[in-house]
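Each chain, written out:
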Amino acid sequence: MGEAQVSLEHLFRVFTKPEHKDSKLAQIEQHLSDNILDFLSQHVVTKKTSLEEVEKDFADAFVPESPEFVSTHAESLLNKLVAHSVNTYSPTFIGHMTSALPYFHLPLSKLMVGLNQNLVKIETSKAFTPLERQVLGMMHNLIYGESDAFYEDYLHSSRHALGAFCSGGTIANITALWVARNKCLGPAPGFSGVAKAGLAAAYRHYDINNLGVLCSKRGHYSLSKAVDVLGIGREQLITLPAPRQTLDPEKALQVGKRYAEQGNKLLAIVGVGGTTETGHIDPLDELADVANELGCWFHVDAAWGGATLFSSQNGYKLKGIERADSVTIDAHKQMYVPMGAGMALFKNPEDANAVRHHAQYILRAGSKDLGSTTLEGSRNGMAMMVYSALHIFGRRGYELLIDRSIEKAKAFADMISRHPDFELTTTPTLSLLTYRVVPAGLQALMQSSDMNTCREINEKIDRLVVSVQKQQREAGKSFVSRTRLEAENYPGQCITVFRVVLANPLTSHNDLAAILAEQHLIATKTALWDQLVLDVEKQSERLSA
Ligand SMILES: *Cc1c(COP(=O)(O)O)cnc(C)c1O
């Protein structure tokens, strides 16, 4: 029975600083912290409980009537929540972009929550606001490399912002396109601008049917959310096919011109600096030329890949990013910061003013409050985690981590290519790759088959890949994700593939070999595998008859 008294005295105690370091609260803290460390040293999934079972622990929709002791509550969190969480720190969890964190973030996060500063406004975040501005400046410098004088002028200027710190890549993409929209349909003689007058009036004033955003099919789904919330409409997100995984600049130019000829205005071209599904980088330099020629905004979504700029060996892959009007980078991906840290950076420090808002009690004109140019209102001090990580790793530390991940991805790609029963579907540009499991004989057979036969075979392989991915996940030792892609070798067809993101520095060559071996074992035990092998035998008999 963990029910506590309903008394102000009890509640005040919860708000009061613990007296000794061996107080009850300190003990709870130690207990929780021991449990987390213990949990993080286990398999990806420790308890094989079905989702339906877990849901039973969170089934009633009632606010508890009485208070509970913190100690009792902590115990219940350990049982219901921690026990059934996914261990994203495991070196064999190689399926997602947000995974293992350096342990220094645990004490740092306590500092952040302990201070609970609100970045919307200097009154509640003196020191944190200058720090956030500096972090934005460092990232701006990494991308655009302006002069010292430039940063001296703009870093702490109340009339400028080098970027917007936000909770993630989605909000960063929305913020960047919001700025682009407000500039594109800005105030003009006889028109107060889209921010004030709205889209309908803006379209009338500028005499356009629609505003559009252009990217490849590999563009992140947050772009679709962005055109939706900005009132542009999802149908105006023009996504070009990308059989080779990147946006073709010539096609982009062609489609952009046609779009304008139809009485529309192209708002922006979005180049991706490391796609979420395959890690490919669009030809940013050429896309900057296209945007120039079409007279539209150029945004680069480098939410995941942006950190590659830390590497002097691999940074060149993002060449042209410095010509973007805006860039999205997530610190919670390859910068190893806890989730909740995204940034939109603006080439021109004036641009953020296109979305500037003022309010009387807060965000007064002339203040240095960052809240006047961010989409979000109250925000925590996540910038501190980025600041600390930047200092603790340093550029050279990040460089080492990035270079190693890319090397590891290449080594894993080799391992896959050498295995007769696996097929590499996309080679790694960065530390992301895709592949699938296919019996060796079938791979040979498909090379001499027509497209229709290939389509039938691909559908069977798709089912095999899905089944292997699910069984591996359920077994709980390792985790690889999956996605569907247009396949370069089979025009017009989509195939299901395993997707690997090498994010954890501790993932070893042996871990990767074990993951592949496990997938092979699971695959060869399925009925589908036997059927595919039988198909190959029948086919070769027919050919030799
Ligand atoms: C992850 C990602 C996003 C979205 O970022 P969130 O932080 O999940 O909101 C956008 N674009 C790309 C390319 C990404 O990899």
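Residues numbered from 1 in each chain as written. Predicted model: local features only at pLDDT ≥ 70, side-chain atom pairs only at ≥ 80, totals over all residues. Heavy atoms only, no water.

> Looking at this structure, how should I read the domain arrangement of the protein chain?
A common way to report how large an interface is uses the accessible area buried once the components associate. According to the domain assignment, the protein chain consists of domain 1 (8–114), domain 2 (117–187 + 198–381) and domain 3 (404–544). A straight line from the C-alpha centre of domain 2 to that of domain 3 covers 35 Å. Taken together, the contact pairs 22 residues of domain 2 with 18 residues of domain 3. For the domain 2 and domain 3 pair, buried surface summed over both sides reaches about 1,600 Å², with 50% attributable to carbon and sulfur atoms. Taken as a group, Glu-277, Trp-304 and Tyr-336 account for 29% of the area that domain 2 buries against domain 3, more than any other trio of residues on that side. Viewed at the interface, domain 3 and domain 2 are joined by 2 salt bridges. With its nearest N and O atoms 3.2 Å apart, the salt bridge here joins Glu-488 to Arg-244. (Domains from an automatic or database assignment. Contact = heavy atoms within 4.5 Å. Buried area = accessible area lost by both parts, 1.4 Å probe. Salt bridge = Lys/Arg side-chain N within 4 Å of Asp/Glu carboxyl O.)

> Sorry if this is basic, but what is going on with empty space enclosed by the protein here?
Counted by the stated rule, this structure contains 1 cavity of 30 Å³ or more. Taken as a whole, the largest cavity holds about 30 Å³ of empty space. Taken together, Arg-133, Leu-136, Tyr-154, Leu-155, Ala-161, Leu-162 and Leu-370 make up the full set of residues lining the largest cavity. (1 Å grid on protein atoms, 1.4 Å probe; cavity = no way out; pocket = protein on both sides within 12 Å on 5 of 7 lines; lining within 4 Å. Points joined across faces, edges and corners; volume = space filled by probe spheres on them.)

> What should I look at first to understand the nonpolar core in this one?
Within soluble globular proteins, side chains that are nonpolar generally end up buried alongside one another. Formed by 66 residues in total, the largest nonpolar core has its most connected members in Ile-269, Met-335 and Val-386. The element contributing the most residues to this core is helix α14 (residues 382–418), with 11 residues. Residues within four places of Ile-269 in sequence aside, it is in contact with Leu-214, Leu-247, Leu-287, Val-290, Ala-291, Leu-294, Cys-296, Trp-297, Phe-298 and His-299. If you look at the next biggest cluster of nonpolar residues, it comprises 38 residues, including Ala-409, Leu-445, Ile-457 and Leu-516. (Core = buried A, V, L, I, M, F, W, Y, C linked by side-chain atoms within 4.5 Å. Buried < 20%, exposed > 50% of the residue type's maximum accessible area, 1.4 Å probe, protein only. Helix = DSSP H or I, 4+ residues; strand = E, 2+ residues; numbered from the N terminus.)

> Any chance you could explain the sheet that holds strand β9 (residues 432–437) here in plain terms?
Strand pairing in a sheet relies on backbone hydrogen bonds. The paired strands run either parallel or antiparallel. The sheet built from 4 strands is open, its strands ordered β8-β9-β11-β10 with antiparallel pairing. Edge positions in the open sheet fall to β8 (422–426) and β10 (481–487), since each of these has one partner strand only. Within the sheet, the average angular offset between the axes of one strand and its neighbour, ignoring direction, is 45 degrees. One ladder, built from 4 bridges, connects β8 with β9; its direction is antiparallel. By the bridge assignment for β9, Phe-422 is matched with Val-437. Strands β9, β10 and β11 (490–501) of the sheet are contacted by helix α16 (residues 451–475), whose axis makes an angle of about 20 degrees with β11. (Pairing = 2+ DSSP bridges. Axes fitted to C-alpha atoms, helices over the stretch in contact; angles between N-to-C directions.)

> Can you help me understand the pattern of salt bridges in this one?
Once the charged atoms of two side chains with opposite charge are near each other, the side chains can pair. Evaluation of the coordinates by the stated rule reveals 19 salt bridges. Here Glu-293 makes a salt bridge to Lys-257, at a shortest N to O gap of 3.6 Å. Residue Glu-293 is located in helix α13 (residues 284–294), and its partner Lys-257 is located in helix α12 (residues 249–261); the two are separated by 36 residues in the primary sequence. Residue Lys-257 is classed as partly exposed on the basis of its relative accessible area of 39%. Each of the salt bridges in this network shares a partner with another, and the network as a whole consists of Asp-285, Asp-289, Lys-319 and Arg-323.

> Help me understand the site of the ligand, please; the structure alone is not making it clear to me.
Neighbouring residues of the ligand: 15 residues in total, closest Thr-170, Asp-301, Asp-330, His-332 and Lys-333. In the environment of the ligand, a nitrogen atom lies 2.6 Å from a nitrogen or oxygen atom belonging to the side chain of Asp-301. The separation between an oxygen atom of the ligand and a polar side-chain atom of Asp-330 is 2.7 Å. Ranked by residue count, the leading element in the shell around the ligand is helix α8 (residues 169–184), at 3 residues. Split into classes, the residues belonging to the shell around the ligand amount to 3 nonpolar, 9 polar and 3 charged. (Near = heavy atom within 4 Å. Polar contact = N/O pair within 3.5 Å; in protein donor to acceptor, adjacent residues only side chain to side chain. Nonpolar A, V, L, I, M, F, W, Y, C, P; charged D, E, K, R; others polar.)

> Help me understand the packing of aromatic side chains, please; the structure alone is not making it clear to me.
Centre-to-centre distance and the angle between the planes together describe a pair of aromatic rings. For the structure shown, the criterion picks out 12 aromatic pairs. Every member of this aromatic cluster is reached through a ring pair, and the members are Phe-104, Phe-310, Tyr-336, Phe-393 and Tyr-398. (Phe/Tyr/Trp six-rings, centres within 6.5 Å; stacked < 30°, edge-to-face > 60°.)

> So what exactly am I meant to see when it comes to the packing of helix α5 (residues 105–115) against α14 here?
A pair of packed helices is characterised by two quantities: the angle between their axes and the separation of those axes. For the pair α5 and α14, the least separation of the axes is 9 Å and the interaxial angle reads 145 degrees. Where α5 crosses over α14, the two elements pack in a sense that is right-handed. Here His-105, Leu-108, Ser-109, Leu-111 and Met-112 of α5 come into contact with α14, specifically with Met-382, Met-384, Met-385, Ser-388 and Ala-389. Its residues assigned to classes, the contact of α5 with α14 comprises 7 nonpolar, 3 polar and no charged. (Left-handed = near helix turned anticlockwise from the far one by under 90°.)

> Whenever I open this one, the side chain of Asp-282 confuses me. Can you help?
Within the secondary structure, Asp-282 is located in the loop between β4 (265–272) and α13. An unpaired buried charge is present at Asp-282: no salt bridge exists, and Arg-218, the closest side chain of opposite charge, is 9.2 Å distant. A polar contact is formed between the side chain of Asp-282 and the backbone nitrogen of Leu-247, at a distance of 2.7 Å. Not counting residues up to four positions away in its chain, the partners in contact with Asp-282 are Gln-245, Thr-246, Leu-247, Val-270, Gly-271, Val-272 and Leu-287. (Lys, Arg positive; Asp, Glu negative; His and termini not counted.)

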